[in-house]
Amino acid sequence: MAVVSSITACQGNKTDASKSKAQGAPKSLRAEGWVVTTQRYNNDYAASGSLLPNEVIDIHPEISGRVTQIFFKEGGIVKKGQLLVQLYDADIIAQIQKLQAQRDLQVKMEKRQADLLKIGGISRQDYETTQTQIESIDADIAYQRALLQKTKIVAPFDGKIGIRNISPGAVIATTTIVANLQQINPLKMDFTIPDQYRENLKVGNTVSFNVDGTLDTLSGKISAIDPGADPTTRTIKVRALVANGDNKLVSGSFAHVMIPFNTEADAILIPSQAIIPTTRDKKVAVLKGGKAELNTVIIGDRTTDRVLVLQGLSAGDTILTTGLMQVKPGMEVKLTKVRS
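Quick caveat, the model's predicted, so the values are computed rather than measured.

Undergrad: How do you make sense of the sheet that holds strand 3 (residues 65-70) when you look at a structure like this?
TA: Adjacent strands of a sheet form backbone hydrogen bonds with each other and so pair up, either parallel or antiparallel. Spatial ordering of the open sheet is given by 6-5-3-8, a layout of 4 strands whose pairing is antiparallel. If you trace the sheet from one side to the other, it starts and ends with strand 6 (152-154) and strand 8 (171-172), each paired once. When strand 3 meets strand 5 (residues 83-87), the two strands line up antiparallel, connected through 3 bridges. Its bridge partner being in strand 5, Ile70 is matched across the sheet by Val85.

Written out as structure tokens, the structure is:
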């Protein structure tokens, strides 16, 4: 009776071991695969920017006065030094003429006194007083001519002038805005990038961009980079100059900017869903000899649907893109679809 029990127990142990072995054996899996290939990869950074005038001012008169003539057309192009507005200047011209007459008189007196000084007919002090009078009048004339110049409001640079806020005959003050003037060729384009990418930027580098309402891809050259980062956002401000000879671009527009960092000729990009995240690292299921292996990979940049793999895969490897929740090392895999 004891022998029978022993045999029965042994048979029971063999049955349990057989079941355990069957349960631990790898099961087969049906999944989709991806053949790894190398390709050219442009590592670009997308940023948001704004188009701004290269130069912009509100035109103000330097002195108060009455507007006698307006020489610009609203919304038109003006050149540097072009006369825009003329203020009343007859009183200043009359003052200059008066001072000039006084100077002429003093000059004649100075010549007579010079002759008298030679023969001792006048003191040197009187002669020097007359010379001082001439210098004082010259200073007054220079001042009045400076005022006369200020009655002419001219364009400080080439640009496009806006809507005028004055009319002929209006008396305007130094606080009056005559019009807005913008230099729109070239335009400035300001954008920000994270400080960690500072080393990828150089003055003179080309960036591409597009604006809403057009499909054209345009370009500009980086002209300046802020020396420090914003302590709140940890970003740096970058400025590029954009040619606008045809005046198609408008200041104030929103720009979608693409900044090229570097280009890799043999980059490995795989679908992002192929990455298996773990607590320590990232893994990818690789199919070798019909069985799955889990390779640890080091990844880099991401696109909308791809991941750049820096280490862990080679061209020609076949990876799994589905069934990743069930895959185990050593599991037999039958591919239902293969892409590349």
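Past the structure itself, the notes keep going.
Undergrad: Got a minute to help me understand the pattern of salt bridges in this structure?
TA: Note that side chains of opposite charge can pair when their charged atoms are close. Evaluation of the coordinates by the stated rule reveals 5 salt bridges. In this structure, Arg239 engages Asp190 in a salt bridge whose closest nitrogen and oxygen atoms are separated by 2.8 Å. Here Arg239 is found in strand 12 (residues 235-242), whereas its partner Asp190 is found in strand 9 (residues 179-194), with 49 residues between them in sequence. We classify Arg239 as partly exposed; its relative accessible area is 27%. Using a relative accessible area of 9% as the deciding quantity, one classes Asp190 as buried. Counted as one network, the salt bridges with shared partners bring together Asp190, Lys237 and Arg239.

Undergrad: Just checking my understanding: could you explain unusual backbone geometry for this structure?
TA: The phi torsion of most residues other than glycine is negative, and most of the peptide bonds are trans. The omega torsion across Asn185 and Pro186 is 5 degrees, close enough to zero to call that bond cis. Position of Pro186 among the secondary structure elements: in strand 9. The backbone phi angle of Asn247 is positive, close to 60 degrees, even though this residue is not glycine. For Asn247, a relative accessible area of 39% corresponds to the partly exposed category.

Undergrad: What's the story with the confidence of the model for the chain in this structure? I'm lost.
TA: Close inspection of predicted coordinates is inappropriate for parts of the model with low pLDDT. In the predicted model, the chain carries a mean pLDDT of 88, and 92% of its residues have values of at least 70. Highest mean pLDDT in the chain belongs to strand 5 (98); lowest belongs to helix 1 (residues 2-24) (45). Contacts of residues 1-22 to residues separated by more than four positions or lying in other chains number 0 contacts, the stretch itself having pLDDT below 50.

Undergrad: Mind showing me how you'd approach the packing of aromatic side chains here?
TA: Two numbers describe a pair of aromatic rings. These are the distance of the centres and the angle of the planes. If you walk through the whole model with that rule in mind, you get 3 aromatic pairs. Geometrically, the ring pair formed by Tyr45 and Phe261 is stacked, given 6.0 Å between the ring centres and 15 degrees between the ring planes. Of this pair, Tyr45 sits in strand 2 (residues 38-59) while Phe261 sits in strand 13 (residues 254-271), and the two are 216 residues apart along the sequence. Seen from their ring centres, Tyr197 and Phe261 are 5.0 Å apart, and the 45 degrees between their planes marks the pair as tilted. Taken together, the residues Tyr197 in the loop between strand 9 and strand 10 (206-211) and Phe261 in strand 13 connect sequence positions 64 residues apart. With relative accessibility at 14%, the residue Phe261 sits in the buried group. Chaining the aromatic ring pairs together yields one cluster made of Tyr45, Tyr197 and Phe261.

Undergrad: Honestly, the pairing of strand 5 in this entry has me stumped. Any pointers?
TA: It is a general feature of regular strands that their side chains alternate between the two faces of the sheet. By the criterion of burial, strand 5 is predominantly enclosed, with 4 of the 5 residues buried. Of the strand pairs in this sheet, strand 5 and strand 6 are connected by 3 bridges, and their pairing is antiparallel. Its bridge partner being in strand 6, Gln86 is matched across the sheet by Lys152.

Undergrad: Help me understand helix 2 (residues 90-118) in this model?
TA: Each turn of an α-helix holds 3.6 residues, which means side chains three or four residues apart point in the same direction. A rise of 1.5 Å per residue sets the reference length of helix 2, with its 29 residues, at 42 Å; its end C-alpha atoms lie 43 Å apart and thus fit the reference within 8%. Residues of helix 2 that are buried in the fold lie against helix 3 (124-150). Just beyond helix 2, the residue with positive phi is Gly120, at close to 80 degrees.

Undergrad: Just checking my understanding: could you explain the packing of helix 2 against helix 3 for this structure?
TA: The geometry of a pair of packed helices is captured by two quantities: the angle between their axes and the separation between those axes. At a minimum axis separation of 9 Å, helix 2 and helix 3 run at an interaxial angle of 160 degrees. Overall, the two elements helix 2 and helix 3 adopt an arrangement that is roughly antiparallel. Pair helix 2 / helix 3 crosses with left-handed handedness. Class assignment for the residues of the contact of helix 2 with helix 3 results in 14 nonpolar, 9 polar and 7 charged.

Undergrad: Any chance you could explain the pairing of strand 11 (residues 218-225) here in plain terms?
TA: In terms of strand pairing, strand 10 meets strand 11 through 4 bridges, oriented antiparallel. Across the sheet, residue Phe209 finds its bridge partner in strand 11, namely Leu218. Connecting the antiparallel pair strand 10 and strand 11 is a turn made up of 6 residues, with Gly213 showing a positive phi of about 95 degrees. Where strand 11 meets strand 12, 4 bridges bridge the pair, whose relative direction is antiparallel.

Undergrad: Could you clarify how one ought to interpret the side chain of Asp89 in this entry?
TA: Assignment of secondary structure puts Asp89 in the loop between strand 5 and helix 2. Beyond its immediate sequence surroundings of up to four residues, Asp89 is in contact with Leu148, Thr151 and Lys152.

About the criteria used
- Residues numbered from 1 in each chain as written.
- Predicted model: local features only at pLDDT ≥ 70, side-chain atom pairs only at ≥ 80, totals over all residues.
- Heavy atoms only, no water.
- Pairing = 2+ DSSP bridges.
- Helix = DSSP H or I, 4+ residues; strand = E, 2+ residues; numbered from the N terminus.
- Salt bridge = Lys/Arg side-chain N within 4 Å of Asp/Glu carboxyl O.
- Buried < 20%, exposed > 50% of the residue type's maximum accessible area, 1.4 Å probe, protein only.
- pLDDT = per-residue confidence, 0-100.
- Contact = heavy atoms within 4.5 Å.
- Phe/Tyr/Trp six-rings, centres within 6.5 Å; stacked < 30°, edge-to-face > 60°.
- Expected span 1.5 Å × (residues − 1).
- Axes fitted to C-alpha atoms, helices over the stretch in contact; angles between N-to-C directions.
- Parallel < 35°, antiparallel > 145°, perpendicular 65-115°, else oblique.
- Left-handed = near helix turned anticlockwise from the far one by under 90°.
- Nonpolar A, V, L, I, M, F, W, Y, C, P; charged D, E, K, R; others polar.

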